[in-house]
Amino acid sequence: AQIASCRAKACGKFNGTSTVAIRAQFNVRSITDSGTCDYRVNFSTAMSDANYSAVATSSEAQTRTHSLATPTTGLFSVQTETGSSANSDATYVNAAVFD
């Protein structure tokens, strides 16, 4: 595989508590707060297919990304939790997508 095919196609930083808001972004149209600890990152320009890799970190102990039931080229999901596995909104979330 060539390095060029694995460049970041989207990235963003957002506040995950109170009013969810984008702090910085590249190819991220919006963030949807889907309930406690669950966020949807919506792309400005869709990915070429649903076989991309998404990674995320947060200001809390653990962050994980998970795919939707049916992968989509238009968004991905981020879920945050505390070290005790309890669902918890993250103060800050950072995410990147490689296609």
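Residues numbered from 1 in each chain as written. Predicted model: local features only at pLDDT ≥ 70, side-chain atom pairs only at ≥ 80, totals over all residues. Heavy atoms only, no water.

A. Summary view of the packing of aromatic side chains. Following the criterion strictly, the structure yields three aromatic pairs and no others. With a centroid separation of 5.2 Å and an interplanar angle of 65°, the aromatic rings of Phe 14 and Tyr 39 are classed as edge-to-face. Taken together, the positions of Phe 14 in strand β1 (residues 8-15) and Tyr 39 in strand β4 (residues 38-43) put the pair 25 residues apart, joining distant regions of the chain. In this pair, the class of Phe 14 matches that of Tyr 39, namely buried. By way of ring pairs, the aromatic residues Phe 43, Tyr 52 and Phe 76 are connected into one cluster. (Phe/Tyr/Trp six-rings, centres within 6.5 Å; stacked < 30°, edge-to-face > 60°. Helix = DSSP H or I, 4+ residues; strand = E, 2+ residues; numbered from the N terminus. Buried < 20%, exposed > 50% of the residue type's maximum accessible area, 1.4 Å probe, protein only.)

B. The sheet that holds β1, seen in detail. Read across the sheet, four strands follow the order β2-β1-β8-β5 without closing on themselves; strand pairing throughout is antiparallel. The two strands at the open ends of the sheet, each matched to only one other strand, are β2 (21-26) and β5 (53-58). On average, adjacent strands in this sheet sit at an angle of 15° to one another, irrespective of strand direction. Where β1 and β2 come together, five bridges link them in antiparallel fashion. Note that in β2 the partner of Asn 15 across the bridge is Ala 21. (Pairing = 2+ DSSP bridges. Axes fitted to C-alpha atoms, helices over the stretch in contact; angles between N-to-C directions.)

C. Examining the pattern of salt bridges more closely. In this structure the tally under the stated criterion is one salt bridge. A salt bridge links Arg 40 to Asp 38; the nearest nitrogen and oxygen atoms lie 2.9 Å apart. Classification of Asp 38 as buried rests on a relative accessible area of 13%. (Salt bridge = Lys/Arg side-chain N within 4 Å of Asp/Glu carboxyl O.)

D. Region of the structure containing the side chain of Asn 27. The residue Asn 27 is located in the loop between β2 and β3 (28-33) in this model. Among the polar contacts listed, one links the side chain of Asn 27 to the backbone nitrogen of Thr 45, at a separation of 2.6 Å. Discounting chain neighbours no more than four positions away, the residues touching Asn 27 are Lys 9, Ala 10, Asn 42, Phe 43, Ser 44, Thr 45 and Met 47. (Polar contact = N/O pair within 3.5 Å; in protein donor to acceptor, adjacent residues only side chain to side chain. Contact = heavy atoms within 4.5 Å.)

E. Molecular detail of the nonpolar core. Within the largest apolar cluster, 18 residues are counted, with the highest numbers of intra-cluster contacts made by Phe 76 and Val 97. For this core, the secondary structure elements donating two or more residues are β1, β3, β4, β5, β7 (75-81) and β8 (92-98). (Core = buried A, V, L, I, M, F, W, Y, C linked by side-chain atoms within 4.5 Å.)

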